[in-house]
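Take a look at the letters that make up each chain.
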Amino acid sequence: YYLLTHSILLVLLISAYTYIPILFRCTMQGVFQRLYCGLAVVAVVIVTVKAEPSGPYKNIQHATYSDKELDASDRQLDVVWPVGAAGQKFPFIGFAHGFTDSGYSSYKDLFDDLASWGYVIGVALGCKEGCISDCKNEFLDPPCFGHYYKQQLRVIDWSKTDAASKLPINLTCGAGVAGHSMGGQATLFSAAYNASTQNIKAAAMLHAFTHTYPAITDVPFLTFTGTEDTTAPPEMAQKIFDATGASKIRGIINKIGANHHEPSSQYNPKMGLYTVAWFKIFLDQTPQALGMDFENLIFGNGSTSVCNGGDGSMKECTILR
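In this text the structure is predicted, and so the values were computed from the model without any measurement.

### Description of the sheet that holds strand 8 (residues 250–255)
Line of reasoning, step 1. Taking strand neighbours across the sheet as the criterion, the nine strands line up as 1-2-4-3-5-6-7-8-11 in an open arrangement whose pairing is mixed. At either end of the open sheet lies a strand with only one pairing partner, and these are strand 1 (60–66) and strand 11 (314–320). Taken over all neighbouring pairs, the strand axes of this sheet differ in orientation by 15° on average, direction set aside.
Line of reasoning, step 2. Most of the contacts of helix 6 (residues 182–193) go to strand 5 (residues 175–180), to which it runs at about 150°, and overall it touches strand 3 (92–96), strand 5 and strand 6 (200–206).

### Things to note about the confidence of the model for the protein chain
Line of reasoning, step 1. Confidence in the prediction of the protein chain, expressed as mean pLDDT, is 89, and 84% of residues score 70 or more.
Line of reasoning, step 2. Here residues 1–29 is modelled with pLDDT under 50, and outside its nearest four sequence neighbours on either side it reaches 22 contacts, counting other chains as well.
Line of reasoning, step 3. Long-range and interchain partners of residues 31–49, a stretch whose pLDDT sits below 50, account for 21 contacts in this model, where long-range means more than four residues apart.

### Thoughts on helix 6
Line of reasoning, step 1. Given a rise of 1.5 Å per residue, twelve residues ought to cover 16 Å, and the 16 Å separating the end C-alpha atoms of helix 6 matches this to within 8%.
Line of reasoning, step 2. Summarising burial for helix 6: ten of the twelve residues are buried, a large majority.
Line of reasoning, step 3. Within helix 6, the full set of buried residues consists of M182, G183, G184, Q185, A186, T187, L188, F189, S190 and A191.

### Describing the pattern of salt bridges
Line of reasoning, step 1. Summed over all chains, the structure comprises seven salt bridges.
Line of reasoning, step 2. Here K108 ties to D112 by a salt bridge, and the two come within 2.8 Å at their closest N and O atoms. One end of the pair, K108, and the other, D112, are both in helix 4 (residues 104–116), four residues apart, so they sit about a helical turn from each other.
Line of reasoning, step 3. A relative accessible area of 31% means that K108 is categorised as partly exposed.

### Let's talk about the packing of helix 4 against helix 8 (residues 269–284)
Line of reasoning, step 1. Running from amino to carboxyl end, helix 4 crosses helix 8 at an angle of 35°, the nearest separation of the two axes being 9 Å. Considering the relative orientation of helix 4 and helix 8, their crossing is right-handed. Contacts between helix 4 and helix 8 pair L110, D113 and L114 from the former with P269, G272, T275 and V276 from the latter.
Line of reasoning, step 2. A class-by-class count of the residues in the contact of helix 4 with helix 8 yields four nonpolar, two polar and one charged.

Conventions we followed
Residues numbered from 1 in each chain as written. Predicted model: local features only at pLDDT ≥ 70, side-chain atom pairs only at ≥ 80, totals over all residues. Heavy atoms only, no water. Pairing = 2+ DSSP bridges. Helix = DSSP H or I, 4+ residues; strand = E, 2+ residues; numbered from the N terminus. Axes fitted to C-alpha atoms, helices over the stretch in contact; angles between N-to-C directions. Contact = heavy atoms within 4.5 Å. pLDDT = per-residue confidence, 0-100. Expected span 1.5 Å × (residues − 1). Buried < 20%, exposed > 50% of the residue type's maximum accessible area, 1.4 Å probe, protein only. Salt bridge = Lys/Arg side-chain N within 4 Å of Asp/Glu carboxyl O. Left-handed = near helix turned anticlockwise from the far one by under 90°. Nonpolar A, V, L, I, M, F, W, Y, C, P; charged D, E, K, R; others polar.

In structure tokens form, the structure reads like this:
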């Protein structure tokens, strides 16, 4: 909707020299001409009101970098970060995009929200339809995504290199991982297979698509799904949650009416907020910060907590610790 609206505005602005004559003809022509004219005027006055990021850091920056270690399909990564006080640094989240999705262009609202609460987010742009340099297949999944998670791990490694040294990244608190769709599977694999080597402290899987369910044993994780997700149905999230040996600290959120695009083109800001809350508790280890009680948002019983109406009606909402 956002892109469509701006496309309409662009076309109309390019043709702005016709606007006044159209208005004039509205008062002079017949019914059909007036109808056409009215639609044109309505299109002209459409204003897309873009909500600002929800957190306290409103100045969000974005840049694209190159890294020769990333997959040959696209050796670039997007990085999004907040501008804080002089010398202020923020924890790093390695994100993995979904099938045919990309970086900031696909997840702008989500990334801006995460950054606004004090995170630097990095996402590799390659492997949109599968990885080229390291193609591994998983049962029933799209081809060449079996090692896609290694792109997410590489982005975490990149955050520690000289190329990232001027970014406000706090390297002392570990890293978070998050991802959508095939990127949700990547996040599952990263947290299950590489938690200790990458010092992964928390994970969030947003409508993960997978037919393989290794247990995330040592990382607190939260998995989001929705009753209207026909791409990665809730059963996938349930199997991640129920995996034998899974971390005692974990959660599953199955929102009534949410579909596969909840993190992207049909972004739900509450998903962003509860993802932030999870990372604040387990990555930052600041359950109360920035004027918010993040502990209560996840584990509380009040109306703002995720399982008690804070994000609307749920078919299932279970948080364990």
